[in-house]
Amino acid sequence: YKVSKEAKAGIAMVSNLAYNYGKPQTDISVDIAGVMVDEGKVVASQIDAIVYPLTVSLTDGITPNKSQKYFQNGVLTSKNTLGDKYAMAERNNGQEGCTLEWYEQAEVIENAANGKTASEIAKLVAKEGDLATATITLNNYVKALSKAATYAEKTDIA
């Protein structure tokens, strides 16, 4: 897609406790979105997620759990960067309808946002499961994409 000289970029993040099939975890999740907006519509988008795994102990307090897959060679790594190593579909073995890896499901969400305004993106998901083949929790990604599109329209960070 060729963008006009008026195209703008926006980034946003949404953070909360991580959830695994609706159960809160001790990990912190940061869901990130970046977009390019041209003539009021998203023409390119990217989402990612960083999970900061924590161990809670009465003796040691709260410490990073560097044995988790999110740390690769001691470095905190995003889900997109992990790619197939995240092994979401493999772990779920098709359960809960999960047959795509995380990054493949992220592409479903990104594609759904492309061509839409910030307000249209905000309405993409009325309930979980609204985007076929995306079994990951969608609300925070949609919020981050919508915020990023709104920020792009209001600021000139490109």
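Our structure is the block above this text.
All of the points below concern the structure found in this document. For every chain, the first residue of the written sequence is number 1, and numbering continues from 1 along that sequence. With the structure being a predicted model, the display of local features is reserved for residues of pLDDT at least 70 and the display and counting of side-chain atom pairs for 80 or more, all residues being used for whole-chain, interface and lining totals. Side-chain numbers here rest on the full set of heavy atoms in the structure, without hydrogens or water.

For the chain, the count of helices and strands is five helices and seven strands. The Shrake-Rupley method, run with a 1.4 Å probe sphere, supplies the accessible areas, and residue values consider only the shown protein chains as cover. A total accessible area of about 9200 Å² is found for the chain, and carbon and sulfur atoms account for 52% of it. A helix here means a DSSP run of H or I that spans at least four residues, while a strand means a run of E at least two residues long, and both kinds are numbered starting from the N terminus.

This next bit is on helix 5 (residues 139-154). Given 3.6 residues per turn, any residue in an α-helix points the same way as the ones three and four places further on. Taking 1.5 Å of rise per residue, the 16 residues of helix 5 would be expected to cover 22 Å, and the 23 Å separating its terminal C-alpha atoms lies within 8% of that figure. Partly exposed describes any residue whose relative accessible area lies between the buried limit of under 20% and the exposed limit of over 50%, with all areas from a 1.4 Å probe on protein chains only and scaled to the type maximum. Along helix 5, the residues classified as buried are Asn140, Tyr141, Val142, Ala144, Leu145, Ser146, Ala148, Ala149 and Ala152. Helices are assigned an expected span. That span is 1.5 Å times one less than the residue count.

A separate point is the packing of aromatic side chains. Only the six-membered ring of Trp is used, alongside the rings of Phe and Tyr, when aromatic pairs are assigned; centres must lie within 6.5 Å, and planes under 30 degrees apart are stacked while those over 60 apart are edge-to-face, with the rest tilted. Enumeration over the complete set of coordinates arrives at three aromatic pairs. Taking the centre distance of 6.1 Å and the plane angle of 45 degrees together, the rings of Tyr70 and Tyr86 count as tilted. One end of the pair, Tyr70, is in the loop between strand 5 (61-64) and strand 6 (71-72); the other, Tyr86, is in the loop between helix 1 (79-82) and helix 2 (88-92), with 16 residues separating them in the sequence. Overall, the relative accessible area of 7% leaves Tyr70 in the buried class. Aromatic pair Trp102 and Tyr141: ring centres 5.8 Å apart, planes at 65 degrees, arrangement edge-to-face. Taken together, the residues Trp102 in helix 3 (residues 102-113) and Tyr141 in helix 5 connect sequence positions 39 residues apart. The pair Trp102 / Tyr141 is uniform in exposure class, with both members buried.

Time to look at the environment of Tyr141. Take Tyr141: its relative accessible area is 5%, and that puts it in the buried class. Along the primary structure Tyr141 and Ile47 are separated by 94 residues, whereas in three dimensions their C-alpha atoms are 7.0 Å apart.

With that settled, consider the side chain of Ser78. With respect to the helices, strands and loops of the structure, Ser78 is situated in the loop between strand 7 (75-76) and helix 1. Note on Ser78: relative accessible area 10%, which makes it buried. Pairs of N or O atoms within 3.5 Å make up the polar contacts considered here, provided that, within protein, one atom can donate a hydrogen while the other can accept it, and that residues adjacent in sequence are counted only when both atoms are side-chain atoms. Of note is the side chain of Ser78, whose polar atom sits 2.7 Å from the side chain of Asp48. Apart from the residues lying within four places of it in its own chain, the contact partners of Ser78 are Asp48, Ala49 and Ile50. In what follows, residue pairs with any heavy atoms lying within 4.5 Å of each other are defined as contacts.

When DSSP locates at least two bridges between a pair of strands, those strands are taken to pair. Sheet topology places strand 4 (residues 54-57) next to strand 5; four bridges connect them, and they run antiparallel. Bridging from a neighbouring strand, Ser57 pairs with Gly61 of strand 5. Linking strand 4 to strand 5, which pair antiparallel, is a turn of three residues.

Let us look at the environment of Val30. Looking at the element boundaries, Val30 is found in strand 2 (residues 23-38). The spacing of Val30 and Ile50 is 20 residues in sequence and 5.2 Å in space, taken between C-alpha atoms. The contact partners of Val30, leaving out residues within four places of it in the chain, are Met13, Val14, Ser15, Asp48, Ala49 and Ile50.

Moving on to unusual backbone geometry. Backbone geometry places Glu39, a non-glycine residue, at a positive phi of 55 degrees. A positive phi is found at Asn73, a non-glycine position, where the angle reads about 55 degrees. For Asn73, the position within the fold is in the loop between strand 6 and strand 7.

Now for the nonpolar core. In this description, a nonpolar core means a group of buried Ala, Val, Leu, Ile, Met, Phe, Trp, Tyr and Cys residues linked to one another through side-chain atoms lying within 4.5 Å. Counting 30 residues, the largest nonpolar core has Val35, Ile47, Trp102, Ile121, Leu145 and Ala149 as the members making the most contacts within it. If you list the elements that add at least two residues to this core, you get strand 1 (8-20), strand 2, strand 3 (41-52), helix 3, helix 4 (118-122) and helix 5. At seven residues, the largest contribution of residues to this core is made by helix 5. For Ile121, the contacting residues outside a window of four places in its chain are Val42, Ala113, Lys116, Val142, Leu145, Ser146 and Ala149.

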